[in-house]
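Results of the structural survey
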Amino acid sequence: MTDEIRPRRRPGQLEAEILTVLGAATGPLTPGEVRERLDPTGSLSYSAVVTTLTRLHEREAVTRERSGRAYRYGALSDPAGLVAERINRLLAAQDDRASVLRRFVSRLNEQDEQLLRDLLNEDPD
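Source: prediction; values computed, not measured. (Residues numbered from 1 in each chain as written. Predicted model: local features only at pLDDT ≥ 70, side-chain atom pairs only at ≥ 80, totals over all residues. Heavy atoms only, no water.)

**Description of helix α3 (residues 46-58)**
Here α3 contains 13 residues, and its C-alpha end-to-end distance of 18 Å stays within 8% of the 18 Å for a straight helix at 1.5 Å per residue. Those residues of α3 not exposed but buried are Val49, Thr52, Leu53 and Leu56. Each buried residue of α3 lies within a common arc of 100° when the element is viewed along its axis, so the set occupies one face. At the C-terminal side of α3, glutamate 60 shows a positive phi close to 60°. (Helix = DSSP H or I, 4+ residues; strand = E, 2+ residues; numbered from the N terminus. Expected span 1.5 Å × (residues − 1). Buried < 20%, exposed > 50% of the residue type's maximum accessible area, 1.4 Å probe, protein only. Arc of directions from axis to C-beta.)

Here is the structure:
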């Protein structure tokens, strides 16, 4: 019998998947409940879920409340918010932000560049 090899997740993918699960839930979930909804086969480790939830809590992307011996977690952000946070952190670490943004925009495809222009032209009110 051969074991099926699962492809490795992209960086941030598990965080996004967990936020999606928490966002769809009707209330806060334990790490075990998150794991069960993400991977009913049990191939995802419980510790990976706990570690990711802890990191998300430290970054204020999820709430955490004590429930017996465990914690229950709820979403404060969504996957798009998580990516935006990551971009802001990377940008904040650079001295020459104009060069970073210029290169970022120059690498956008035509549709994304137009979308960015449209967003920048929106009335903020």
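Still more ground to cover, so stick around.
**Comments concerning the nonpolar core**
Judged by nonpolar contacts, the single largest core of 16 residues is most densely connected at Ile18, Leu22, Val34, Leu53 and Leu56. At the level of elements, α1 (13-24) and α3 are the ones that each hand at least two residues to this core. Here the element with the most residues in this core is α1; it accounts for five residues. For valine 34, the residues in contact, after removing those within four places along its chain, are Ile18, Val21, Leu22, Leu29, Val49 and Leu53. (Core = buried A, V, L, I, M, F, W, Y, C linked by side-chain atoms within 4.5 Å. Contact = heavy atoms within 4.5 Å.)

**Looking at the environment of serine 47**
With respect to the secondary-structure elements, serine 47 resides in helix α3. Between the alpha carbons of serine 47 and leucine 14 there is a distance of 12 Å; along the sequence they are 33 residues apart.

**Points about the pattern of salt bridges**
Tallied over the full model, the rule gives six salt bridges. Its salt-bridge partner being glutamate 85, residue arginine 59 comes within 2.9 Å of it at the nearest N-O pair. Of this pair, arginine 59 sits in the loop between α3 and β1 (62-67) while glutamate 85 sits in helix α4 (residues 79-92), placing them 26 residues apart in sequence. With a relative accessible area of 23%, glutamate 85 lands in the partly exposed category. (Salt bridge = Lys/Arg side-chain N within 4 Å of Asp/Glu carboxyl O.)

**A look at the pairing of strand β2 (residues 70-75)**
Taken together, the six bridges between β1 and β2 define a ladder with antiparallel strand orientation. For arginine 66, the partnering residue across the bridge sits in β2 and is tyrosine 71. Here β1 hands over to β2 after two residues, with glycine 68 in that stretch at a positive phi of 70°. (Pairing = 2+ DSSP bridges.)

**What about the packing of α1 against α4?**
Remark: α1 packs on α4, axes separated minimally by 8 Å, with the N-to-C direction vectors making an angle of 145°. Across the interface between the two elements, Glu15, Ala16, Leu19 and Thr20 of α1 pack against Pro79, Leu82 and Arg86 of α4. Tallied by class, residues from the contact of α1 with α4 come to four nonpolar, one polar and two charged. (Axes fitted to C-alpha atoms, helices over the stretch in contact; angles between N-to-C directions. Nonpolar A, V, L, I, M, F, W, Y, C, P; charged D, E, K, R; others polar.)

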